[in-house]
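In case you want the letters, here they are:
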Amino acid sequence: MKRLPLDDSFKVNRNPVTLREIVLDKLRGAILNFQLLPGDRLVERDLCDRLGVSRTSVREALRHLESEGLVEFADAKGPRVAIITLEDAVDIYELRCVLEGLIVQLFTLNAKARDIRNLERALEENRQALEDGELQQVIESVQGFYDVLLEGSGNRTAATQLRQLQARISYLRATSVSQENRRAASNQEMERMVEAIKSGDPVAAHQASVDHVRAAAKVALDYLRSKQDGAGNVRDIATPIALKEPRIGR
């Protein structure tokens, strides 16, 4: 048998994108799990030693986290974990009320039977995570629930806008869900959303979504007020008005 030469297909290719994603996930997870706290300095050399990777990988991950709003380059001392102020949090929760209310409303109008089954499955996974899981599992289960809503809503622009806020939403979500008085109520509110969706009532689904965001906001903002000195008066979360009749349908 004639021996064939070894060509370039035999070479093992290292994928630097995979390494960057791993570093990014590790750093993002450390922030969302409160292993790295707002204001903590992120010294590249220390992070390289702890992660066992190059400065290039760390630097690229930090820049990506800056675009997500989780890291900031505030001064000459270098990057730090971003500080989300009370006003920032109010802004984010107000936008969540609008975008998530719309997403849920559109999902009610446009979702197929399989989408609703997927949503029920995601709700159950969230319930189990709240009962048994670590904080990161809870956050991932909530994100899984919203991923189903985003995919089934039929509005890619609204979904894109919400995903751009995702990292900061997850941080605030971790802040609220980590409070013991919030976990059981959170799943019950999501269950109300699912029941309204299943009944085909987009206005009720919208209201359930807004109520859910406002309840989470109260817990998170109360916590932030307790941790930040000189907070002063912060406006209440505005309540978006639901459409009396669905204006969009397919």
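In what follows, the accompanying structure is described. Worth saying up front: this structure is predicted, and the values here are computed from it rather than measured.

1. Focus: the overall build of the chain
The secondary structure content of the chain amounts to ten helices and two strands. Shown N-terminal to C-terminal, the secondary structure of the chain runs as helices and strands in the order α-α-α-β-β-α-α-α-α-α-α-α. Residues classed as buried in the chain amount to 44% of the 250 residues present. Sequence-distant contacts, at least 24 apart, represent 76% of the contacts inside the chain between residues at least 6 apart. For the chain, the computed accessible surface area is about 14500 Å², with 48% contributed by carbon and sulfur atoms.

2. Digging into helix H9 (residues 183-198)
Its 16 residues give H9 an end-to-end C-alpha distance of 23 Å, which sits within 8% of 22 Å, the value for a rise of 1.5 Å per residue. Where H9 is concerned, the buried positions are Ser186, Asn187, Glu189, Met190, Met193, Val194, Ala196 and Ile197. Looking at the buried positions of H9, the neighbouring elements they touch are helix H4 (86-110), helix H5 (113-132), helix H6 (135-153) and helix H10 (202-227). In the stretch just after H9, Gly200 is the one whose phi turns positive, near 75 degrees.

3. Section: the packing of aromatic side chains
How two aromatic rings sit relative to each other is set out by the distance from centre to centre and by the angle between their planes. Applying the stated rule across the entire model yields two aromatic pairs. Measuring from centroid to centroid gives 5.6 Å for Phe145 and Tyr146, while their planes differ by 80 degrees, and the two rings are edge-to-face. The exposure class assigned to Tyr146 is buried, which follows from its relative accessible area of 3%. The cationic tip of Arg63 hangs over the ring face of Phe73; the distance from NZ or CZ to the ring centre is 3.9 Å.

4. Overview of the pattern of salt bridges
A complete count under the given rule lists 16 salt bridges for this structure. Across the salt bridge formed by Arg28 and Glu68, the nearest N and O atoms sit 2.7 Å from each other. Here Glu68 lies in helix H3 (residues 55-68) and Arg28 lies in helix H1 (residues 16-32), a separation of 40 residues in the sequence. Where Arg63 meets Glu66, a salt bridge forms, and the shortest distance between an N and an O atom there is 3.0 Å. Remark: Glu66 and Arg63 occur in helix H3; sequence separation between them is three residues, near one turn of the helix. The exposure class assigned to Arg63 is partly exposed, which follows from its relative accessible area of 45%. On the accessibility criterion, Glu66 (32% relative accessible area) is partly exposed. Residues joined by salt bridges that share partners form a network here, namely Asp25, Arg28 and Glu68.

5. So, H4
A rise of 1.5 Å per residue sets the reference length of H4, with its 25 residues, at 36 Å; its end C-alpha atoms lie 35 Å apart and thus fit the reference within 8%. Within H4, 18 of the 25 residues are buried, which leaves the element mostly enclosed by the surrounding structure.

6. A short note on the nonpolar core
Counting 68 residues, the largest nonpolar core has Ile31, Leu119, Phe145, Leu149 and Leu172 as its most contacted members. No other element matches H4, which puts ten residues into this core. Inspection of this core shows a minimum of three residues originating in each of domain 1 (14-79) and domain 2 (84-225). Residues within four places of Leu172 in sequence aside, it is in contact with Ile84, Ala89, Ile92, Tyr93, Ala220 and Leu224.

Criteria and thresholds
Residues numbered from 1 in each chain as written. Predicted model: local features only at pLDDT ≥ 70, side-chain atom pairs only at ≥ 80, totals over all residues. Heavy atoms only, no water. Helix = DSSP H or I, 4+ residues; strand = E, 2+ residues; numbered from the N terminus. Buried < 20%, exposed > 50% of the residue type's maximum accessible area, 1.4 Å probe, protein only. Contact = heavy atoms within 4.5 Å. Areas by Shrake-Rupley, 256 points an atom, 1.4 Å probe, with all protein chains shown as cover. Expected span 1.5 Å × (residues − 1). Phe/Tyr/Trp six-rings, centres within 6.5 Å; stacked < 30°, edge-to-face > 60°. Lys NZ or Arg CZ within 6 Å of the ring centre and 35° of its normal. Salt bridge = Lys/Arg side-chain N within 4 Å of Asp/Glu carboxyl O. Core = buried A, V, L, I, M, F, W, Y, C linked by side-chain atoms within 4.5 Å. Domains from an automatic or database assignment.

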